[in-house]
Amino acid sequence: MRKSKSRITFEIFNYLIITLFSLTIIIPFMHIFSISVSDKKAIDASAVSIFPVGFNLKAYYDTLFGPKSIFFTAFGNTAIITVLQTFLGLTFALMAAYVFSKKFFGKTFFTYMYILTMYFSGGLIPFYILVTKYLHWYNTYLALIVPGIVSVWYIIVIRTQMEAVPRSMTEAAIIDGANEFNVLLKVVLPSIKGTVAAISMFFALNAWNMWFNVMIFTDKPSFWTLQYYLRNVVISKLESATLDRTGDTTMEALGKINTHPLNYQMAAIILVAIPIISIYPFVQKYFVKGLLTGSVKE
Amino acid sequence: MNGLTAAVKQPNYKKRKGNRIKFSAGRDLPLFALLSPSAILIIIFCYFPIYGIIIAFKDYSPFHGIIDSPWCGFKYFTAFLTDSDFWRVMKNTITINLYSLVFSFPAPIILALLLNEVSKTWFKRLAQTISYLPFFISWVVVASLVISVLSPTTGIINVILNNLFGIEPIYFMTYSKYFRIILIAAGIWKGIGMSSVYYLAALTNINSELYEAAIIDGAGRMSQTLHITLPGLRPIAMVLFILSVGNLATIGFDNVFLLYNPLVYDVGDVISTFTYRIGLQELQYSLSTAISLTQSIVNFAMVYMANRLAKKYGGWSMW
């Protein structure tokens, strides 16, 4: 059927708007990358917009491999925290969800106990006091990993999925002599693989992007995560995070520097964003599915 | 659809005394074992801080600890309720949330409607994938992008303004008049892609027979959108809207904290950043806790009511 003229106009308009919107996402990154490799003079002359003016990867080299580089330390911290928090968070959530999917003594009590925490919390300061004064976890990895493990919301989502597992399957396993843990592991878990994948992705993303706990619970760069490192380089511009200074401040030495501080800051943005940007297209479907099936909170 | 099933009241399966579940070691002990890790973590990280709320009524000092710090009643509550800084911050929080509601709420809906009209699958998929990118990157990356893009002299906005229009560099991030726009625009940019999936899913759930019947009846595109598409989105939109309203008194910390600076505190300082500064930078632990507690209670009431309304009108429930 022939499309009407107004329909064609609308469709052109539609493609245009969506393209413009997509450009608002692509162009900032092109701009940032361009600045990260451009010449010092061009940057200062407001000449760098979408494309580089000159091309120099020194900022990247220094940030990654320079003598004062802490990028890989930060990367390592982020990776460890992500793996541990995801694994523990998922495991504990699965166990709790399994229990809540069954009847047991005190179920109502525990249900209220868990759900109340979603509505009401002690606030930042009591939490801070707990971790620093009573647990003595200041400047430890524990402070960065453990608080993020428990999430009642995910427990509820998983529980709903578990309740949909046919009773016949779980009962057959029990008749065969399996204990609860085995039932969970070998019967229920395989049946909700999709949910498990989705929830673990959310845990992982959350852990990967963490920076606030680093800020309030540590004061050593050895604990920095990638995001916190980025914050210091670009947003609060801490002295220890800049890398283009060799310490030599003679006029001659300063004259030799042909990189712009922005080269380093922009390089940091790109380097910190690359891991996520390269992975997310392949796992986006888990997030979409997770959002829809459980209305998972962002 | 969902609204219809919600209107049908479920029979009330309230537990009668005779139906209480009795303890059975064989059944319950293994379950308690499975429950214990999360339960212990919840007691430590959720309930101990809830107990710690009492420092709002004490002159807490780290030296004395929670128990030994002296009581002082409502001293800190009176303090902040009579502090104009607090009310400014409260006003900022609600204002930003209201602006957000007006602009951020429709954005994903519009994107979903536009994407839905795209016939070329590859374009739609590509656009969607690109639109999800801001969701995945952290607020640190987003804030870094915003600050860099708006940077005077070197940021692309100023570069264009300077080269094309000869305008002097504008220090966008230092002006209160720009801050709300920047904050909300960044928020939309970050969330619109992922949020649109709710609506796109709802759109695919609309019965195509409705459209066919409408076309037969001679309805144009506009009419179809008004009478079929939008009503089809109503349940999920209602639920999300009510939940957003329920969060009017809270606001995220990350985005504001990373984007603001003292020059824009008058419009940008919100309850979350305020309590953070009071508590962890000015070390007024009790005062910060008092503010937090009040805010928690207000928020609890609002979220609870919002959930009730969402359940009633959208058939959606937290549990």
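Parameters and conventions
Residues numbered from 1 in each chain as written. Chains lettered and ligands numbered in written order. Predicted model: local features only at pLDDT ≥ 70, side-chain atom pairs only at ≥ 80, totals over all residues. Heavy atoms only, no water. Contact = heavy atoms within 4.5 Å. Buried area = accessible area lost by both parts, 1.4 Å probe. Salt bridge = Lys/Arg side-chain N within 4 Å of Asp/Glu carboxyl O. Polar contact = N/O pair within 3.5 Å; in protein donor to acceptor, adjacent residues only side chain to side chain. Helix = DSSP H or I, 4+ residues; strand = E, 2+ residues; numbered from the N terminus. Nonpolar A, V, L, I, M, F, W, Y, C, P; charged D, E, K, R; others polar. pLDDT = per-residue confidence, 0-100. Phe/Tyr/Trp six-rings, centres within 6.5 Å; stacked < 30°, edge-to-face > 60°. Buried < 20%, exposed > 50% of the residue type's maximum accessible area, 1.4 Å probe, protein only. Lys NZ or Arg CZ within 6 Å of the ring centre and 35° of its normal.

A. Structural view of the interface of chain B and chain A. The interface is formed by 95 residues belonging to chain B together with 100 residues belonging to chain A. Buried area between chain B and chain A, both sides added, is near 8,800 Å², and the carbon and sulfur share of it is 77%. Our count for the contact surface shared by chain B and chain A stands at one salt bridge. Seen at the junction of chain B and chain A, the total is 18 residue pairs in polar contact (both at pLDDT 80 or more). Per-element tally for the side of chain B that touches chain A: the top contributor is helix 2 (residues 25–52) of chain B, with 22 residues. Classifying every residue of the side of chain B that touches chain A by side-chain character gives 66 nonpolar, 21 polar and eight charged.

B. View of the confidence of the model for chain B. Residue and element names in this part refer to chain B. Averaged over every residue, the pLDDT of chain B is 89; the share at 70 or more is 92%. In this model, residues 1–7 is a region of pLDDT below 50 whose contacts with residues beyond four sequence positions or in other chains number seven contacts. Here the prediction assigns the complex a pTM of 0.89, and the interface score ipTM is 0.91.

C. Expanded view of the packing of aromatic side chains. If you walk through the whole model with that rule in mind, you get 54 aromatic pairs over all chains. With a centroid separation of 5.2 Å and 75° between ring planes, the pair formed by A:Phe109 and A:Phe110 is classed as edge-to-face. Using a relative accessible area of 54% as the deciding quantity, one classes A:Phe109 as exposed. Take A:Phe110: its relative accessible area is 17%, and that puts it in the buried class. Here the aromatic rings of A:Phe120 and B:Phe300 are separated by 6.3 Å at their centres, their planes lie at 85°, and the arrangement is edge-to-face. Of this pair, A:Phe120 sits in the loop between helix 5 (107–119) and helix 6 (124–134) while B:Phe300 is found in helix 16 (residues 285–314), placing the two residues in two different chains. Cluster of aromatic residues (ring-pair linked, three or more members): A:Phe100, A:Phe104, A:Phe105, A:Phe109, A:Phe110, A:Tyr114, B:Phe23 and B:Phe32. In this arrangement the basic side chain of A:Lys133 is found over the ring face of A:Tyr134, its NZ or CZ atom lying 5.7 Å from the centre.

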